[in-house]
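# Structural features, examined
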Amino acid sequence: MSYSVGQVAAFAGVTVRTLHHYDKAGLLPPSDRSHAGYRLYSEADLVRLQQILFYRELGFPLEEIAVIFEDPQANALERLRARQCELNEEIARLRRLAEVAERAIEVQRTGVPLTPEERFEVFGEVTFDLSYATEAELKWAHSEGQREAMARADAHTKEDWRRLMGEAAAWRAELLAAFDEGEASCGERAMDLAEEHRLHIARWFTSCPPDTHRRIADDFAADPRAFALVVPPSQQRPGLAAYTRDAVHANAARHAGGVTDAREGR
């Protein structure tokens, strides 16, 4: 039994134009032609079309499908296994994107609502980079400290944010002064500033032992988006992020040597 191109298109859920394209590509030439020259497809052609659509659904380009059809036993299994690996990687990527989207929604909702004027008044030039925030959420997703920090940030009032950012601005001015005046990152002044930053995190967000503070400071030096949350780009100097990281590491080493501060946690 033979079927017209219109019938086959209807059976398969494709367009007539697609069948014409498969014909021109040499993948699905019709087995016969009518007296008027119209394409006629056999049952075997329909089976071949099913195979083409199967491979297309898996993402194979037409050129690769043609290679498979040349020698199905030699090409199909190996190529299907390779495609399976690619699909598994894509599934993992999409799952990660879905998780990022979920985290982004959570991050976007976190914090006290502020008008644009209030946001500028409170945060000034410090910008909130959603891409960095969501990546940080994923990186620290299983951290109790991260959950506590997000919960406490969510509970802050406008006045809390004003006080918090005021403290941060004063600390930043001291950091810039120490850096500009050539204070060593391992000196007392720089280490005291690092300690003040660590206690600021503990006071407003979550407990920040020296090891955790080191990891945070490593992000400052590695990712400009992280450091921009501490020092806006307009106030940054070349080498300042690394200087801050080194001061934090020096302060952590000082703690390891037995120096403690009773102010932590207040």
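Residues numbered from 1 in each chain as written. Predicted model: local features only at pLDDT ≥ 70, side-chain atom pairs only at ≥ 80, totals over all residues. Heavy atoms only, no water.

## Some remarks on the overall build of the chain
Of the regular secondary structure elements, the chain holds 13 helices and three strands. Taken over 266 residues, the chain has a buried fraction of 37%. If you take every contact in the chain between residues at least 6 apart in sequence, the share linking residues at least 24 apart comes to 64%. In the form shown here, the chain has an accessible surface area of approximately 15,700 Å², with 54% of it arising from carbon and sulfur atoms. (Helix = DSSP H or I, 4+ residues; strand = E, 2+ residues; numbered from the N terminus. Buried < 20%, exposed > 50% of the residue type's maximum accessible area, 1.4 Å probe, protein only. Contact = heavy atoms within 4.5 Å. Areas by Shrake-Rupley, 256 points an atom, 1.4 Å probe, with all protein chains shown as cover.)

## A few points about the confidence of the model for the chain
Residue-level pLDDT values for the chain average 82, and 78% of them are 70 or greater. Below pLDDT 50 for its whole length, residues 260-266 participates in 13 contacts with residues either more than four positions away or in separate chains. (pLDDT = per-residue confidence, 0-100.)

## Here's the deal with the sheet that holds strand S1 (residues 3-4)
A sheet is described by the order of its strands in space; here three strands give the open sequence S1-S3-S2, paired in antiparallel fashion. Looking at strand neighbours, the two that pair on one side only are S1 and strand S2 (32-33), the edges of this open sheet. (Pairing = 2+ DSSP bridges.)

## Observations regarding the environment of Thr 206
As for its position among the elements, Thr 206 is in the loop between helix H10 (188-204) and helix H11 (210-222). With 57 residues separating them in the primary sequence, Thr 206 and Ala 149 have C-alpha atoms 5.1 Å apart.

## Concerning the packing of aromatic side chains
Under the counting rule described, the total for this entry stands at seven aromatic pairs. The interplanar angle of 55 degrees and the centroid separation of 5.8 Å between the aromatic rings of Phe 220 and Phe 227 together place this pair among those described as tilted. We note that Phe 220, like Phe 227, is buried. Ring pairing ties together the aromatic residues Phe 54, Tyr 55, Phe 60 and Phe 69, which thus form one cluster. (Phe/Tyr/Trp six-rings, centres within 6.5 Å; stacked < 30°, edge-to-face > 60°.)

## Quick word on the nonpolar core
Core analysis: the biggest nonpolar cluster contains 21 residues, and Val 8, Leu 19, Leu 28, Ile 52, Tyr 55 and Ile 65 have the highest contact counts within it. Of all the secondary-structure elements, those providing two or more residues to this core are helix H1 (5-12), helix H2 (16-24), helix H3 (43-57) and helix H4 (62-70). If we ignore the near neighbours within four places in the chain, the residues touching Tyr 55 are Phe 60, Ile 65, Ile 68, Phe 69, Ala 76 and Leu 80. Ranked by size, the runner-up nonpolar core spans 18 residues in total, among them Trp 171, Val 230, Leu 240 and Ala 247. (Core = buried A, V, L, I, M, F, W, Y, C linked by side-chain atoms within 4.5 Å.)

## Remarks on H1
When we look at burial in H1, the residues that qualify are Val 5, Val 8 and Ala 9. Around the axis of H1, the buried residues are gathered within 100 degrees of arc, so they sit on the same side. Exposed residues lying more than 90 degrees from the buried face of H1 are Ala 10 and Phe 11. Tucked into the core, H1 has its buried residues touching S1, H2, strand S3 (39-41) and H3. Just downstream of H1, Gly 13 is the residue with a positive phi angle, here 75 degrees. (Arc of directions from axis to C-beta.)

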